[in-house]
Amino acid sequence: MTLTVLVPDDFGVQALSQVDGVRPVRYTPGQPLPADGMDAEVLVPKFLAGTDPRDVFAQLPNLKLVQLLSAGAENFVGKVPDGVLLSTCRGAHGGSTAEWAIGALLAIYREFLVFERARVEGRWDYHLTDTLQDKKVLIVGAGDLGEQLQRRLEPFDASSVLVGRTARDGIHGVDELPSLLPEFDAVVIFTPMTEETRHLVDAKFLAAMKDNAILVNGARGPVVDTDALLAELNSGRLRAALDVTDPEPLPSDHPLWTAPGLLLTPHVAGSCTGHAHRAYAVVASEIARYVAGERPRNLVNGAY
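Note that residues are indexed from 1 along each chain, following the sequence as it is written. Local features in this predicted model are restricted to residues of pLDDT 70 or higher, and side-chain atom pairs are both shown and tallied only at a pLDDT of 80 or more, whereas totals for entire chains, interfaces and linings draw on every residue. The side-chain quantities take in all heavy atoms of the structure and omit both hydrogens and water.

**As for the sheet that holds strand β7 (residues 159–164)**
Stage number 1. When DSSP locates at least two bridges between a pair of strands, those strands are taken to pair. A helix here means a DSSP run of H or I that spans at least four residues, while a strand means a run of E at least two residues long, and both kinds are numbered starting from the N terminus. The seven strands lie next to each other as β8-β7-β6-β9-β10-β11-β12, forming an open sheet whose pairing is parallel. Edge positions in the sheet fall to β8 (172–173) and β12 (262–264), since each has one partner strand and no second.
Stage number 2. One ladder, built from four bridges, connects strand β9 (residues 186–189) with strand β10 (residues 214–217); its direction is parallel. Across the sheet, alanine 186 pairs through a bridge with isoleucine 214, a residue of β10.

**Section: the layout of surface pockets**
Stage number 1. Throughout, the protein atoms alone are placed on a 1 Å grid, and a set of points is a cavity if a 1.4 Å probe fits but cannot get out or a pocket if it is open with protein on both sides within 12 Å along at least five of seven lines; lining residues have an atom within 4 Å of a point. Grid points are joined across faces, edges and corners, and a volume is the space filled by probe spheres set on the points. Put simply, the largest pocket is a space of about 920 Å³.
Stage number 2. Looking at the largest pocket, it is lined by 44 residues, and the ones nearest its centre are Ala71, Leu145, Phe190, Thr191 and Pro192.
Stage number 3. For the lining of the largest pocket, the secondary-structure elements that each account for two or more residues are α5 (144–153) and β7.
Stage number 4. Take the lining of the largest pocket: its biggest share by element is three residues, from α5.
Stage number 5. Under this grouping Gly is polar, as are all residues other than the nonpolar Ala, Val, Leu, Ile, Met, Phe, Trp, Tyr, Cys and Pro and the charged Asp, Glu, Lys and Arg. Here the lining of the largest pocket is built from residues that sort into 18 nonpolar, 18 polar and eight charged.

**Side note on the nonpolar core**
Stage number 1. Side-chain atoms within 4.5 Å link the members of a nonpolar core, which is a set of buried Ala, Val, Leu, Ile, Met, Phe, Trp, Tyr and Cys residues. Burial classes: relative accessible area under 20% of the type maximum marks a residue as buried, over 50% as exposed, and values in between as partly exposed (1.4 Å probe, protein chains only). Counting residues in hydrophobic clusters, the biggest one holds 31 residues, and the most contacted among them are Leu138, Val187, Ile189, Phe205, Leu206, Met209 and Leu215.
Stage number 2. With four residues, helix α8 (residues 226–235) is the largest single contributor of residues to this core.
Stage number 3. Contacts of phenylalanine 205, omitting those with residues within four sequence positions, involve Leu177, Leu181, Val187, Ile189, Leu200 and Leu215.
Stage number 4. Core analysis: the second largest hydrophobic core is formed by 27 residues, Ala104, Leu105, Leu153 and Ala241 among them. When checking whether two residues touch, look at their non-hydrogen atoms; a contact exists if any pair is within 4.5 Å.

**Observations regarding unusual backbone geometry**
Most peptide bonds take the trans form, and the phi angle of most residues other than glycine is negative.
Stage number 1. Of note, the amide linkage connecting aspartate 246 to proline 247 takes the cis form, showing an omega dihedral of 10°.
Stage number 2. Following the sequence through the fold, proline 247 ends up in the loop between β11 (239–242) and β12.
Stage number 3. Put simply, glutamate 248 and proline 249 share a cis peptide bond, and its omega is -5°.
Stage number 4. Along the polypeptide, proline 249 turns up in the loop between β11 and β12.
Stage number 5. With phi around 55°, histidine 267 is a residue other than glycine that occupies positive phi space.

Laid out in structure tokens, this is it:
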């Protein structure tokens, strides 16, 4: 028996053509589904799709599995029909996102943006900078992203501690944050987006961070209370690097654009060369397991 899988791009068609027992069918998001894909049991939504997927689900009476290209599942939790499995792409983008976090910390500590402004103005602005060496980094989110960042921090002689939803061997629980935050030079947010983590980083969280510390958000915008962060940035007490914002995309007149002490990128931490190859390698593995009668490894249970 051959399993029909709807994929949103030609790369997906090529990747899944290599999986035994799978017939990939290309569809275009936002347009009617192709007739030869209406019997699909598996749907692969577009990467970082932000639209409500329920209209597509309603057209697929045989749907059994929604396989994401992203690690985050917040746009699909609670919207997948009863009995339909939801699997993420955990393991595909962790390295790239961790690399972005390293780059952001280096850019801030070594003042690359300050030196770039001086270059544009023709000024030789020699001065000492800070360094990532010997810094203590708190990583809130102990999944693939957190582990990837922890591994990449070691060569820079920076130490790190992981925080998960609950405490376990080698990992602190989120309930320990009030006592942990004052001890760290940088705090990196890599949590999934759920109602539980919405505004996890609020005024109280930020107030507990040490003076001149750096907040790095590579998770989702609503995990951070934007107004509370703006207050800390405008006071000059904290610095930040954001790859995600609330709202997103950021309106052109939003105060984050001109906030001091902020490095801002437009949700590109996982968007780099090879991201589709890495994503579809995970997708192909998950679907191959499903075809073989096994449960995908990255199944969402509850909120994530």
